[in-house]
Amino acid sequence: MASLLNGCANLQTRGLLSFEKGPLQASRIHGISFKRLTETEVSRFCSISRVIGRRNHKFFQSPVTASIYSTRTTTRASLQDKDNDTKYVDFVVIGSGVAGLRYALEVSKHGSVAIITKAEPYESNTNYAQGGVSAVLCPTDSVESHMQDTIVAGAYLCDEETVRVVCTEGPERVKELIAMGASFDHGEDGRLHLAREGGHSHNRIVHSADMTGREIERALLQAVDNDPNISLFGHHFAIDLLTSQDKNGINCHGVDVFNTETQKIIRFISKVTLLASGGAGHIYPTTTNPPVATGDGVAMAHRAHAVISNMEFVQFHPTALADEGLPLKPAKRRENAFLITEAVRGDGGILYNQSMQRFMPSYDERAELAPRDIVARSIDDQLKKHGEKYVLLDISHKQREKILAHFPNIAAECLKYDLDITSEPIPVVPAAHYMCGGVRAGLEGETNIRGLYVAGEVACTGLHGANRLASNSLLEALVFARRAVQPSIKCMERTSINPDCSTRWARPVAPLILKDNTIDKISKRTRDIRLELQSVMWEYVGIVRSTNRLKMAEWKIKDLEREWEDYVFRRGWKPTMVGLEACEMRNLFCCARLVVESALSRQESRGLHFTEDFPYLEESERKPTIIFPAALPKLTWSTQQLHKQLQC
């Protein structure tokens with residue numbers, strides 16, 4: 001147990017942060033400027049951060065884009081060409097969570113916006129966020145305190161400048177939400193009720209009972225629906241970014257999209273593209289993420305040669321509802337695990353093993369209020385020691401009225417299965433929850449691809465470091481969506497669209513030429529392979545890792561991908577064909593490989609990445625992992641775009 005948590009114990013013994021010192025800043029590539037870097041300059045990055053796949057590359061600075069989505073159906077002529085298969089807009093937003101919607105509402109004041117979302121507009125990680133938004137809104141709290149909590153939780157891998165920006169601008173972003181109609185809980189004194197969660201030293205979580213994300217999504221979607229400049233395209237799956245390369249670097253011109261209801265491919269040509277497509281929780285078998293979270297944005301960006309960072313840091317939420325421990329079992333397996341918010345522990349919830357022994361104080365002096373990585377590893381250790389499948393989270397010692405007022409959604413869900421949380425403990429187990437890594441972004445959401453911006457979980461801004469502090473995700477999404485606006489407008493104003501450019505890339509095609517029984521066989525095999533991939537990731541790339549298990553995962557994933565590609569291509573599927581399940585499978589393979597590659601490169605245990613072979617923190621390893629785009633000698637279907645990148 002000592003080695004399991006030694007790194008975190010070391011972190012706790014540090015004194016107050018000195019925000020003027022250099023080590024944290026040394027881990028930053030300032031402004032993410034990759035313009036015209038020489039090979040010498042690229043090698044200089046190696047002394048700053050871990051680099052994977054550095055070989056014969058040019059990198060360039062690029063602008064920021066946004067993601068938006070509207071609940072009404074629109075077919076405005078200004079958005080489409082005569083064949084209805086190509087649409088021209090100023091801004092394309094991929095994703096309909098808080099980052100995409102908030103961004104869309106700002107850039108729509110300056111041009112036309114299309115929000116692309118693969119399911120219903122509300123189906124995003126935002127909608128499932130229970131806890132709230134962390135922000136300094138209490139006179140006894142401070143930006144410095146929020147910064148310190150964030151950096152300590154992030155195992156000192158956070159980017160200091162990013163942390164300061166987010167913690168400073170957060171309060172204003174929350175006030176903007178309130179002005180837009182979002183309703184948050186207030187105390188008896190009429191002021192906002194601020195909750196406390198694990199890792200926070202103050203009460204600073206703005207919330208709407210235990211359904212905060214749903215309330216924010218409601219307010220934003222309503223505003224989007226009332227905006228005439230925003231068009232929403234539901235059940236549209238983003239396939240690949242449209243890119244070209246010239247002497248100055250890579251440029252993004254929009255995205256190819258698959259309408260999953262009509263089976264048609266639509267090409268969106270835009271001046272600016274914002275990726276706000278969420279995370280990749282479904283590379284694991286049990287996740288709190290909705291079914292749409294299949295890593296589409298990270299995979300598309302990687303195939304377009306965007307820089308990816310910190311993919312080894314996968315956050316497992318310590319407390320998802322363990323269906324096996326419920327008095328009545330659900331009739332069928334959930335598509336995504338039901339989250340038991342961090343706020344339950346913040347409100348006094350206590351963790352016990354099934355022998356009703358409280359265990360967190362023996363792992364960390366902060367007990368149940370320790371950051372998520374520590375709590376998840378502690379639960380995992382308890383499960384392995386006792387051969388059990390879940391532990392118990394008890395809040396029943398609190399007043400019944402307060403429990404029901406603070407956690408009505410959780411109480412109602414548990415009551416469906418004959419569990420009364422006001423009198424009985426809740427069975428919980430860790431589940432994949434959040435990707436701290438993603439597409440590497442600068443302080444304005446810019447990437448190394450011109451015209452492409454990122455915000456939300458798909459982005460790696462440096463805020464979270466090696467572990468995300470509770471309720472910092474909605475905060476980050478709000479701050480970076482807003483910061484990406486002005487650069488996006490400038491990019492839009494200096495960019496023109498050539499109507500003929502839509503024909504320059506080969507179009508993907510639906511598998512209409514294949515027989516129904518062939519498609520059914522391919523679909524079934526794809527689902528089976530998906531389950532096998534998820535099993536490999538949980539078994540070998542889970543909460544506690546080792547070099548041998550990671551190498552085994554690398555081999556098994558490569559073998560599974562080869563087996564799947566051989567199967568579908570032998571049955572007539574072509575590399576240019578698209579379908580929802582097949583495209584998601586491509587993206588899951590791509591993201592799984594990125595996680596494993598990144599984990600193998602980090603030879604220490606820090607934050608969410610714990611490996612038995614390197615169980616201690618290493619100061620020399622306190623650098624972000626960076627995967628530069630590489631011309632790999634053996635490309636797979638998941639790692640290359642369906643069309644060839646244009647050379648201008």
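Sequence order sets the numbering: in each chain, residues are counted from 1 along the sequence as written. Residue-level local features of this predicted model are given only where pLDDT is at least 70; pairs of side-chain atoms are given and counted only at 80 or more, and the full residue set underlies all totals for whole chains, interfaces and linings. Only hydrogens and water are removed before side-chain values are computed, so all heavy atoms of the structure are retained for them.

Enquirer: Give me the pattern of salt bridges: which residues, what numbers.
Expert: Salt bridge, as applied in this entry: a Lys or Arg side-chain nitrogen positioned within 4 Å of an Asp or Glu carboxyl oxygen. Under the definition given, this model contains 43 salt bridges. For E169, the salt bridge is made with R173, and the minimal N-O distance between the two is 3.9 Å. With E169 and R173 both in helix α7 (residues 160–179) and four residues apart, this pair spans about one turn of that helix. Look at E169 and you get partly exposed, because its relative accessible area is 21%. Between D246 and R450 there is a salt bridge whose closest N-O contact spans 3.2 Å. Taken together, the residues D246 in strand β8 (residues 236–246) and R450 in the loop between β16 (438–440) and β17 (452–454) connect sequence positions 204 residues apart. Put simply, DSSP H or I for four residues or longer makes a helix, DSSP E for two residues or longer makes a strand, and each gets a number counted from the N terminus. Relative accessible area decides the class of each residue, using a 1.4 Å probe on protein chains only: under 20% of the type maximum gives buried, over 50% gives exposed, and in between gives partly exposed.

Enquirer: How would you summarise unusual backbone geometry if you had to cite specific residues and measurements?
Expert: Backbone geometry at H235 places phi at a positive 55°, although glycine is not the residue there. For A367, which is not a glycine, the phi torsion comes out positive at approximately 55°. Checked against the element boundaries, A367 lands in the loop between β13 (350–352) and α11 (372–386). In this structure A367 comes out as buried when scored by relative accessible area, which is 10%.

Enquirer: Break down the environment of D373 for me, with residues and values.
Expert: Secondary-structure assignment places D373 in helix α11. Residue classification places D373 among the buried positions, given a relative accessible area of 5%. Along the primary structure D373 and R468 are separated by 95 residues, whereas in three dimensions their C-alpha atoms are 8.7 Å apart. In protein, a polar contact means a hydrogen-donor-capable atom and an acceptor-capable atom, both N or O and within 3.5 Å, with residues adjacent in sequence counting only if both atoms are side-chain atoms; elsewhere, any N or O pair within 3.5 Å suffices. Within polar-contact distance, the side chain of D373 engages the side chain of N467 at 3.1 Å.

Enquirer: Summarise the sheet that holds strand β4 (residues 133–134); cite the residues concerned and give the values.
Expert: The pairing criterion for strands is at least two bridges between them, as found by DSSP. Read across the open sheet, the three strands follow the order β4-β6-β5; overall the sheet is antiparallel. Since the sheet does not close on itself, it has two edges, and those belong to β4 and β5 (194–195), each with one partner. Of the strand pairs in this sheet, β4 and strand β6 (residues 205–206) are connected by two bridges, and their pairing is antiparallel. Directly across from S134, in β6, lies its bridge partner I205.

Enquirer: Can you break down the sheet that holds β13 residue by residue, with the values?
Expert: With antiparallel pairing, the four strands of this open sheet are ordered in space as β12-β15-β14-β13. Two strands in the sheet have a free side with no partner beyond their single neighbour: β12 (314–321) and β13. Averaged over all pairs of adjacent strands, the angle between their axes in this sheet comes to 45°, without regard to strand direction. Judged from the six bridges that link them, β12 and strand β15 (residues 426–435) form a sheet pairing that is antiparallel. Residue pairing for β15: L321 is matched across the bridge by V428. Contact criterion: two residues are considered in contact whenever any of their non-hydrogen atoms come within 4.5 Å of each other. To get an axis, fit a line to the C-alpha atoms, keeping to the stretch in contact for a helix; angles then go from 0 to 180 degrees between the N-to-C directions. Across the sheet, α11 is in contact with β12, β13, β14 (391–394) and β15; its angle to β12 comes to roughly 60°.

Enquirer: Break down the packing of aromatic side chains for me, with residues and values.
Expert: Under the pairing criterion, centres of Phe, Tyr and Trp rings, with the six-membered ring standing for Trp, must be within 6.5 Å; the plane angle then separates stacked pairs below 30 degrees from edge-to-face pairs above 60, leaving the rest tilted. Per the stated rule, a full pass over the model turns up seven aromatic pairs. Ring centres of W564 and F589 lie 5.9 Å apart, and the angle between their planes is 35°; on these two criteria the pair is classed as tilted. Of the two residues, W564 is situated in helix α17 (residues 547–570) and F589 in helix α18 (residues 580–601); the sequence distance between them amounts to 25 residues. Among the residues examined, W564 registers a relative accessible area of 1% and is labelled buried. An aromatic cluster is present here, built from W564, F569, F589 and W637 joined pairwise through their rings. A ring has a charge above it when a Lys NZ or an Arg CZ is no more than 6 Å from the ring centre and no more than 35 degrees off the ring normal. The ring of Y434 has R468 lying over it, and the distance from NZ or CZ to the ring centre is 4.3 Å. The lysine or arginine in question, R571, covers the ring of Y567, its NZ or CZ lying 3.6 Å from the ring centre.

Enquirer: Could you give an account of the pairing of strand β7 (residues 230–233), with specific residues and numbers?
Expert: Of the two faces of β7, the one lined by I230 and L232 and the one lined by S231 and F233 are each fully buried. Bridge count for strand β3 (residues 113–116) against β7 is four bridges, and the pairing is parallel. Within the sheet, the bridge partner assigned to V113 lies in β7 and is I230.

Enquirer: Hey, could you go over the packing of helix α4 (residues 98–107) against helix α8 (residues 212–225) for me, with residue numbers and the actual values?
Expert: Axis angle and axis distance: for two packed helices, these are the angle between their axes and the distance between the axes, and together they describe the pair. Taken N-terminus to C-terminus, the directions of α4 and α8 make an angle of 35°; their axes are 10 Å apart at the nearest point. As for how α4 packs across α8, the hand of that crossing is left-handed. Within the contact between the two elements, α4 uses V98, L101, R102 and L105 and α8 uses I216, E217, L220, L221, A223 and V224. Gly is put with the polar residues, along with every residue not named as nonpolar or charged; the nonpolar set is Ala, Val, Leu, Ile, Met, Phe, Trp, Tyr, Cys and Pro, and the charged set is Asp, Glu, Lys and Arg. Split by residue class, the contact of α4 with α8 holds eight nonpolar, no polar and two charged. Working rule for handedness: look at the near helix, and if it is turned counterclockwise from the far one by less than a right angle, call the crossing left-handed; if clockwise, right-handed.

Enquirer: Hey, could you go over the state of the cysteines for me, with residue numbers and the actual values?
Expert: In what follows, a disulfide is any cysteine sulfur pair within 2.5 Å. The final tally for this structure, using the stated rule, is zero disulfides. With no disulfide partner, C252 has as its closest neighbouring cysteine sulfur the one in C491, 9.4 Å distant.

Enquirer: Hey, could you go over the nonpolar core for me, with residue numbers and the actual values?
Expert: Most often, soluble globular proteins have nonpolar side chains that are buried together. Put simply, buried Ala, Val, Leu, Ile, Met, Phe, Trp, Tyr and Cys residues joined by side-chain atoms within 4.5 Å make one nonpolar core. V255, F268, Y284, L533, M537, V541 and V595 are the most contacted members of the largest nonpolar core, which has 78 residues in total. Those residues in contact with Y284, other than ones at most four positions away along the chain, are V314, F316, A432, Q534, M537, W538, V541, G542, R545 and V595. C167, A219, A276 and L463 belong to the second-largest nonpolar core, a separate cluster that totals 55 residues.

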